[in-house]
Amino acid sequence: MASDEGALRPVRWRGLPRRRTLLRVTAVAVLLGLAAAVFQTPGGCPAGPARVAAPTTGAPPGAAPTLPAGAVGVPVRLAEPAALAVLRPGVRVDLLVVPAGGSADPTVIAPRALVLDVVGVVEGSSALYLALPPEQARRAVGLPEGSRFAVVVRG
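Enquirer: Explain the overall build of the protein chain here, please?
Expert: Assigned secondary structure in the protein chain consists of two helices and five strands. Moving toward the C terminus, one meets the helices and strands of the protein chain in the order α-β-β-β-β-α-β. Scored against the burial criterion, the 155 residues of the protein chain give a buried share of 24%. For the protein chain, long-range pairs separated by at least 24 residues make up 68% of all intrachain contacts whose partners lie at least 6 apart in sequence.

Enquirer: Can you help me understand the side chain of Gln136 in this one?
Expert: Tracing the backbone shows Gln136 in helix H2 (residues 134-141). Beyond its immediate chain neighbours, meaning those up to four positions away, Gln136 contacts Ile109, Ala110 and Pro111.

Enquirer: Sorry if this is basic, but what is going on with the sheet that holds strand E4 (residues 127-132) here?
Expert: Whether parallel or antiparallel, the strands of a sheet pair through hydrogen bonds between backbone atoms. With antiparallel pairing, five strands are arranged side by side in an open sheet as E1-E4-E3-E2-E5. Among the strands making up the open sheet, the edge pair consists of strand E1 (72-76) and strand E5 (148-153). For this sheet, the mean angle separating the axes of adjacent strands, direction not counted, is 45°. Sheet strands in contact with H2 are E1, strand E2 (92-98), strand E3 (107-119), E4 and E5, and its direction is about 90° off that of E3.

Enquirer: How should unusual backbone geometry be read in this particular structure?
Expert: With the exception of glycine, the majority of residues adopt a negative phi angle, and the majority of peptide bonds are in the trans configuration. A positive phi angle is found at Arg112, which is not glycine, with a value near 55°. Within the element layout of this structure, Arg112 appears in strand E3.

Enquirer: Would you explain the pairing of E3 in this entry?
Expert: On a regular strand, one side chain projects to one face of the sheet and the next to the other, so that they alternate. With five bridges connecting them, E2 and E3 associate as antiparallel partners. Within E3, the position partnered with Val93 by the bridge is Ala113. Here E3 pairs with E4 via five bridges, running antiparallel. Paired with Val115 across the bridge in E4 is Leu130.

Enquirer: Which parts of the structure should I look at to understand the side chain of Ser147?
Expert: You can see Ser147 is positioned in the loop between H2 and E5. For Ser147, the side chain forms a polar contact with the main-chain oxygen of Pro144, separated by 2.8 Å. With near-sequence residues (within four places) excluded, Ser147 lies in contact with Val97, Val98, Pro99 and Ala100.

Enquirer: Please clarify how the nonpolar core should be interpreted in this entry.
Expert: Side chains of nonpolar character tend, in soluble globular proteins, to be buried together. Ranked by size, the top nonpolar core spans 21 residues in total, and within it Leu78, Leu87, Val93, Leu95, Leu128, Leu130 and Leu132 carry the most contacts. Listed by contribution, the elements that provide at least two residues to this core are E1, E2, E3, E4, H2 and E5. Broken down by element, the residue count for this core peaks at five residues, all from E3. In this view, Leu128 contacts Val74, Pro75, Val76, Leu78, Leu84, Leu87, Val115, Asp117, Val118 and Val151; residues no more than four positions away in its chain are not counted.

Enquirer: Teacher, can you tell me more about the environment of Val108 here?
Expert: Its location among the elements puts Val108 in strand E3. Classification of Val108 as partly exposed rests on a relative accessible area of 40%. As for Val108 and Asp94, which are separated by 14 residues in sequence, their C-alpha atoms are 6.7 Å apart. Once residues within four sequence positions are removed from consideration, Val108 is found in contact with Leu95, Leu96 and Arg139.

Analysis parameters
Residues numbered from 1 in each chain as written. Predicted model: local features only at pLDDT ≥ 70, side-chain atom pairs only at ≥ 80, totals over all residues. Heavy atoms only, no water. Helix = DSSP H or I, 4+ residues; strand = E, 2+ residues; numbered from the N terminus. Buried < 20%, exposed > 50% of the residue type's maximum accessible area, 1.4 Å probe, protein only. Contact = heavy atoms within 4.5 Å. Pairing = 2+ DSSP bridges. Axes fitted to C-alpha atoms, helices over the stretch in contact; angles between N-to-C directions. Polar contact = N/O pair within 3.5 Å; in protein donor to acceptor, adjacent residues only side chain to side chain. Core = buried A, V, L, I, M, F, W, Y, C linked by side-chain atoms within 4.5 Å.

Laid out in structure tokens, this is it:
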């Protein structure tokens, strides 16, 4: 008889694969499908994170305004994130706060604050990045947890 070393024989199953094998194959197929779906970018969607365009305030196009001398940058989460859709870098706003468990009347803690950036409008975790004088920044970050922020757009 000839040597079986070079012969190709079909693989034969002696029965159905075991349950563990089927679960592994199914898990691999599902994970590969999820990876393909996550990395698939539709033609009309931008490839990178969404950014809000800067207005024409002398800054280069697409660049956020720089931090003014003597100011500090403070990220603020607004009580109503939908307000971020109308804000653009370079706009002046009044920052209002309603303290947690306090009065219902909002208090202006930073008048004429400069909007440096609007972050994460699309991603869901949204914040407003403001340039504030140090004393107003301390007041804004020193408020008790549960305080709600709002802004009024200045003309």
